[in-house]
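Structural overview
Spelled out from the first residue to the last, the chains are:
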Amino acid sequence: MSAIDIQVEDTQKKDSSIRLRKDHTEENDGTKLSNFVFRALRKHEEKSWLDLLGLAFADKGTPREFFRKNMLCDPWFDISGIRVCQRSSEADGGTLVSTARVYRRKMYTRTPNTLQIGAIGDVATANTYRRRGLAGSVLHDAHHYMQSQGIQLSVLHTSNAKLKTYYASHGYHSVPVHSDVYNLVSFSAAAQNTEVRTANPWVQFAEDDRDTNILSQMAVLHASTMEKDVKAYAGCFVRDSAEYWMKWVRNVVSRAGWAVWVTPSTAGDNIVAYGIVRIGAGDVFDGVLQVQEFFCADVLDDAQRSQHFQRMVRDAIETHAVTRLRVLPVFVKPSWLHGLVMDASDSVSQTTSRPLLEGSTLIVRAGTMSGSEQWIDTGLMFKCLNTEPTDAGIGMLLGTTEACVFLAVDSF
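Residues numbered from 1 in each chain as written. Predicted model: local features only at pLDDT ≥ 70, side-chain atom pairs only at ≥ 80, totals over all residues. Heavy atoms only, no water.

Overview of the packing of helix H1 (residues 46–56) against helix H2 (residues 64–72)
Two quantities define a packed helix pair, namely the angle between the axes and the distance from one axis to the other. Contact geometry for H1 and H2: axes closest at 8 Å, N-to-C directions at 135°. Taken as axis vectors, H1 and H2 run oblique relative to one another. Regarding H1 and H2, the two cross each other, and that crossing is right-handed. Two secondary-structure elements touch here, H1 through Glu 46, Lys 47, Trp 49, Leu 50, Asp 51, Leu 53 and Gly 54 and H2 through Arg 64, Phe 67, Arg 68 and Met 71. (Axes fitted to C-alpha atoms, helices over the stretch in contact; angles between N-to-C directions. Helix = DSSP H or I, 4+ residues; strand = E, 2+ residues; numbered from the N terminus. Parallel < 35°, antiparallel > 145°, perpendicular 65-115°, else oblique. Left-handed = near helix turned anticlockwise from the far one by under 90°. Contact = heavy atoms within 4.5 Å.)

Considerations on the environment of Val 175
If you trace the backbone, Val 175 turns up in the loop between strand S8 (173–174) and strand S9 (177–183). We classify Val 175 as buried; its relative accessible area is 1%. For Val 175 and Met 381, which are 206 residues apart along the polypeptide, the C-alpha to C-alpha distance reads 5.4 Å. (Buried < 20%, exposed > 50% of the residue type's maximum accessible area, 1.4 Å probe, protein only.)

Here's the deal with H1
Every buried residue of H1 is accounted for by Glu 46, Trp 49, Leu 50, Leu 52, Leu 53, Gly 54 and Ala 56. The elements touched by buried residues of H1 are H2, strand S4 (82–87), strand S5 (96–107) and strand S6 (115–125).

Overview of the side chain of Thr 158
Mapping Thr 158 onto the fold places it in the loop between strand S7 (153–157) and helix H4 (161–168). One polar contact links the side chain of Thr 158 to the main-chain amide nitrogen of Asn 160, over a distance of 3.2 Å. (Polar contact = N/O pair within 3.5 Å; in protein donor to acceptor, adjacent residues only side chain to side chain.)

Re the pattern of salt bridges
Across all of its chains, the model carries 14 salt bridges by this definition. Between Arg 39 and Glu 45 there is a salt bridge; the shortest N-O distance is 2.7 Å. (Salt bridge = Lys/Arg side-chain N within 4 Å of Asp/Glu carboxyl O.)

Remarks on the environment of Ser 89
Checked against the element boundaries, Ser 89 lands in the loop between S4 and S5. We classify Ser 89 as exposed; its relative accessible area is 67%. The spatial distance from the C-alpha of Ser 89 to the C-alpha of Asn 35 is 7.5 Å, given a sequence separation of 54 residues.

Regarding the nonpolar core
By size, the foremost hydrophobic cluster in this structure holds 77 residues, and its most contacted members are Leu 153, Tyr 274, Phe 294, Phe 309, Leu 325 and Phe 382. When residues of this core are assigned to their parent elements, the largest contribution, seven residues, is made by helix H7 (residues 242–256). Ignoring any residue separated from it by four or fewer positions in sequence, one finds Leu 325 in contact with Asp 180, Val 181, Tyr 182, Leu 184, Val 288, Leu 289, Val 291, Phe 309, Val 313, Leu 337 and Val 341. Counting 23 residues, the second largest nonpolar core, distinct from the first, contains Leu 50, Leu 53, Met 71 and Leu 134. (Core = buried A, V, L, I, M, F, W, Y, C linked by side-chain atoms within 4.5 Å.)

In short, the description is geometric, and any link to function would need to be established separately.
In C-alpha cells form, the structure reads like this:
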C-alpha cells in the first residue's frame, strides 16, 4: 500500500476523526480512500461493530459473543481505542466496513519503569470491502491514535503466515517465544511417585463468583513474583487490577479450556502455588503438557518450589496421560526436572543466549524433544512507534536484547 498522507480534523470530541486527503489516496484497484472516514467508534455503534466482527470471523468459527466478552471483561477498555472505517457519505450513521482495536496495557521491561503499550486485535473488514487497502488504513489510524496517547510500542499476534508477512510490511517484527520441550518419564514410573492427595488439585473456572477467592490468591502469588524478579519477566503484561483477574483472567482461562492447578498450604486453605496448563489434543502439541504459567509463594524455598512443580506435572500425567512437557525457562530450574523428564541437564536453559528477534521455528517436531531448546513462533509481533522504528528501537524500549516472556493468559 502506498504511503498515506493524513489530516486530522479539528474536533472538540474526545475521539478525533481522520480523513484521507484526495492526493495519494487511490489504491491499485481504483478505490479512493478519500471516500472513507477513519475514526473512533461511538457508543451507539457498539452493536454494529460487534455485528461486523461476528460476520467477518464467522468462517474461523469465532462467535460475536467472543468480542463482546473481551469488551466487557477488559478493565482498561476505552472506546476511543476502537478504530473504525466508514464511507464518507455515511458518516452520520452508515455502515462500518473495517475496524481494529487497540487494547491498552502496560508491559514489564528490564528498566525500572513499565511501558505503556497498545495491543492490536479485532482486525476485520466486511467481505464486500476487502482487498481495497482499508485494513491497512485502519491500522495506520490506530498507530496515529497510539502515538497521540504517548504509546511507544504496538504488539499483536497472528497464527497466519500470510498475515505475518502483511504486518511485517507495516513495520512489525516477529518476537519468538523461547521454551524447552522434554519427553516425560513413563506414565507408570511417574504415577508410582505421585503422592496421595486429599483434594482434587484441578480447578474449573466458572463465570460466576465461586472462584473469586482462588483468583485473589493467584493474583497475590503472581504480583509477589513480579516484584521480586521483574527483570526476568520482561515482555509480560502488568496485572495490577483486581478486576483484570476477576474478569479477564477468568474469561480467558475458562474460554480456552485450560486447566488450573492449585495447592493449599499444610496449615490451611491458602494457596502456596498455582499453575495454568494447556493439554494439547489434536494438534502439533498433542499429548504435550504446556505450562502457561507457574508461580509460588515467596516463603517457599527452592526445594519446596521444586516439589510443587513436580507434583503439578505428575498430577497432569495421572489425570491427562500427557507424555511431553513444554515450559518457559523462566518458570522452572533444570534441577526441578530430575525424575520427571528424560535427559534432564543442569546446563539446559541456563547458558544459552536467547536473542530478542532471531531464531524462530514454527513447530516442535516429535522425536527432537528430549531436553531440546526450542524457539516457538507464536505469531507475537512488536512495532516501535517512536523515532527508532527498528528492532534496535524495540530493544531500547524493553531494556534488553534478549528474548522476552509473554504469558498466554494475557492474550488479546
